[in-house]
Amino acid sequence: MNDSTNGHAPLRLGVNVDHVATLRQARGTHYPDVAYAARTAMAAGADSITVHLREDRRHIQDADVEAIVTAGDVPVNLEMALTEEMLDIADRLKPRDACLVPEKREELTTEGGLDVAGQLDAVRDALDRLHGAGIQAALFIDPEHDQIEAAGRAGARFIELHTGAYADATHDDERKHQLERITEAAAQAHDLGIEVHAGHGLTRDNVGAIAAIEQIVELNIGHALIADAVFMGLNEAVKEMRAAMDAGRRALR
Ligand SMILES: CC(=O)[C@@H](O)[C@H](O)COP(=O)(O)O
Ligand SMILES: NCC(=O)COP(=O)(O)O
C-alpha cells in the first residue's frame, strides 16, 4: 500500500455537507438527511464534517448542527460568522472545531476571507471565547501577508486559507499566481506556529496542487464533492476526492 503522504504530514479531508441541506431546503422536506450524509462521509474516509450555519439559514439549520454534534460520533467543524448569536451557539454545542467566516446576506457563497487586521480586538475576543469553550478555532482568511500576521497577533492556532481565487482562475498565469499566494501564505503561517487548512471551490481536478503544499494539513471541501455525489454517490465521491488529494500529496518530495 503506497504511503500516500511520502512521510509528510497526512492531509485530512473535512467534508462540508451544506449542499445536502440545500437540496432538502429546496422543498422543505425532511430528506436528504444531513446527519446521515455526515455519517456516510465519515464511513467513506472523511476525517471531519464541516457545516456552515449561516445567519440566513439558507441550508444548514440549527437542528442539523445540534443533531450532528450531539450524536458525538462525528468530529464537527462549525463555520460561523463572528456574531454573538453564533458564539452563543458554539459555546452551547461545543463542536470540536469552529471556523470564523465572513458573511454578507446577498452573497451567493463566501466571497472574501475574514478581515482580521481590521477587527483585531473582536477576533481576539471571539477566539478567546471559543478557546475557553474548548473549541479548536480557525480563521477563514485570504492568503494575504497582513491577514496572516494579524491572525498570529489575534492568537489564532489554526487558519483556513481561502482557495476561491485559485479555484475561480480561468487562465494558467492567474492560477499559477494564486497558487503562489497560497503557498507563500501557508509557509508564513506555519512559521508562526499556526496550523494551516484550506478550502473553497476545490474539486477533484484542482485539488492536487493544493494538496502538494506541505504546510497545509486539512482541506475542507463541499460543493464539488456533493455535486460528484449526485452522479457517483456520496461514498464514491469522498473516496474519489481522497484519491485526488493523495495523488497531489505524493507529488511532495
Ligand atoms: C467558508 C467557505 O468557503 C465555505 O465553507 C462556505 O460554507 C461556503 O458557503 P456555502 O456553503 O453557503 O456556499
Ligand atoms: N471552507 C470551505 C468549505 O468548507 C467548503 O467550501 P466549498 O468546497 O463548498 O466551496
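Residues numbered from 1 in each chain as written. Chains lettered and ligands numbered in written order. Predicted model: local features only at pLDDT ≥ 70, side-chain atom pairs only at ≥ 80, totals over all residues. Heavy atoms only, no water.

Trainee: Got a minute to help me understand the environment of Tyr-166 in this structure?
Mentor: With respect to the secondary-structure elements, Tyr-166 resides in helix H7 (residues 164–168). Once the C-alpha coordinates of Tyr-166 and Glu-103 are considered, the two residues, 63 residues apart in sequence, prove to be 20 Å apart. Here Tyr-166 is in contact with Arg-175, Gln-178, Leu-179, Ile-182, Leu-202, Asn-206, Ala-209 and Ile-210, once residues within four sequence places are set aside. (Helix = DSSP H or I, 4+ residues; strand = E, 2+ residues; numbered from the N terminus. Contact = heavy atoms within 4.5 Å.)

Trainee: What am I meant to see in the site of ligand 1 here?
Mentor: Inspection of the region around ligand 1 gives Asn-16, Asp-18, His-19, His-52, Arg-54, His-59, Glu-79, Val-101, Thr-109, Thr-110, Phe-140 and His-200 as its neighbouring residues. Take Asp-18: an N or O atom from its side chain is 2.5 Å from an oxygen atom of ligand 1. With respect to ligand 1, the side chain of His-19 contributes an N or O atom lying 3.2 Å from an oxygen atom. Bound to the protein, ligand 1 loses 91% of the 350 Å² it would expose on its own. Among the residues making up the shell around ligand 1, the classes are represented as 2 nonpolar, 7 polar and 3 charged. (Near = heavy atom within 4 Å. Polar contact = N/O pair within 3.5 Å; in protein donor to acceptor, adjacent residues only side chain to side chain. Areas by Shrake-Rupley, 256 points an atom, 1.4 Å probe, with all protein chains shown as cover. Nonpolar A, V, L, I, M, F, W, Y, C, P; charged D, E, K, R; others polar.)

Trainee: I keep staring at helix H10 (residues 223–232) and nothing clicks. Help me out?
Mentor: Those residues of H10 that fall on the buried side of the exposure criterion are Ala-224, Leu-225, Ile-226, Asp-228 and Ala-229. Considering only its buried residues, H10 is in contact with strand S1 (12–16), helix H1 (18–25), strand S8 (216–221) and helix H11 (234–249). Positive backbone phi, at 90°, marks Gly-233, one or two positions downstream of H10. (Buried < 20%, exposed > 50% of the residue type's maximum accessible area, 1.4 Å probe, protein only.)

Trainee: How do you make sense of the pattern of salt bridges when you look at a structure like this?
Mentor: Enumeration over the complete set of coordinates arrives at 20 salt bridges. One salt bridge in this structure joins Asp-91 and Lys-94, with 3.1 Å as the shortest N-O distance. Asp-91 gets classed as partly exposed once you look at its relative accessible area, which sits at 27%. What makes Lys-94 partly exposed here is its relative accessible area of 43%. Across the pair Lys-104 and Glu-111 runs a salt bridge, and its minimum N-O distance is 2.8 Å. (Salt bridge = Lys/Arg side-chain N within 4 Å of Asp/Glu carboxyl O.)

Trainee: How should I be thinking about empty space enclosed by the protein in this particular structure?
Mentor: Gaps left between atoms are located by rolling a probe of water-molecule size over the structure's atoms. One pass over the full model with this rule turns up 2 cavities of 30 Å³ or more. As for the largest cavity, its lining consists of Asn-77, Asp-97, Ala-98, Gln-136, Ala-138, Phe-158, Glu-160, His-197 and Glu-218. Of the residues that constitute the lining of the largest cavity, the class distribution is 3 nonpolar, 3 polar and 3 charged. Here the second largest cavity is characterised by a volume of approximately 40 Å³. If you go around the second largest cavity, the residues you meet are Arg-54, Glu-55, Asp-56, Arg-58, Glu-103, Lys-104 and Arg-105. Residues belonging to the lining of the second largest cavity are distributed by class as follows: no nonpolar, no polar and 7 charged. (1 Å grid on protein atoms, 1.4 Å probe; cavity = no way out; pocket = protein on both sides within 12 Å on 5 of 7 lines; lining within 4 Å. Points joined across faces, edges and corners; volume = space filled by probe spheres on them.)

Trainee: What is the right way to look at the packing of helix H3 (residues 62–71) against helix H4 (residues 84–93) in this model?
Mentor: Between two packed helices, what matters for the description is the angle formed by their axes and the separation of those axes. H4 packs onto H3 with a crossing angle of 25° between their chain directions and a minimal axis gap of 11 Å. Our classification of the angle between H3 and H4 gives roughly parallel. For the crossing formed where H3 meets H4, the hand is right-handed. Across the interface between the two elements, Asp-62, Val-65, Glu-66 and Val-69 of H3 pack against Ile-89, Arg-92 and Leu-93 of H4. Considering only residue class, the contact of H3 with H4 consists of 4 nonpolar, no polar and 3 charged. (Axes fitted to C-alpha atoms, helices over the stretch in contact; angles between N-to-C directions. Parallel < 35°, antiparallel > 145°, perpendicular 65-115°, else oblique. Left-handed = near helix turned anticlockwise from the far one by under 90°.)

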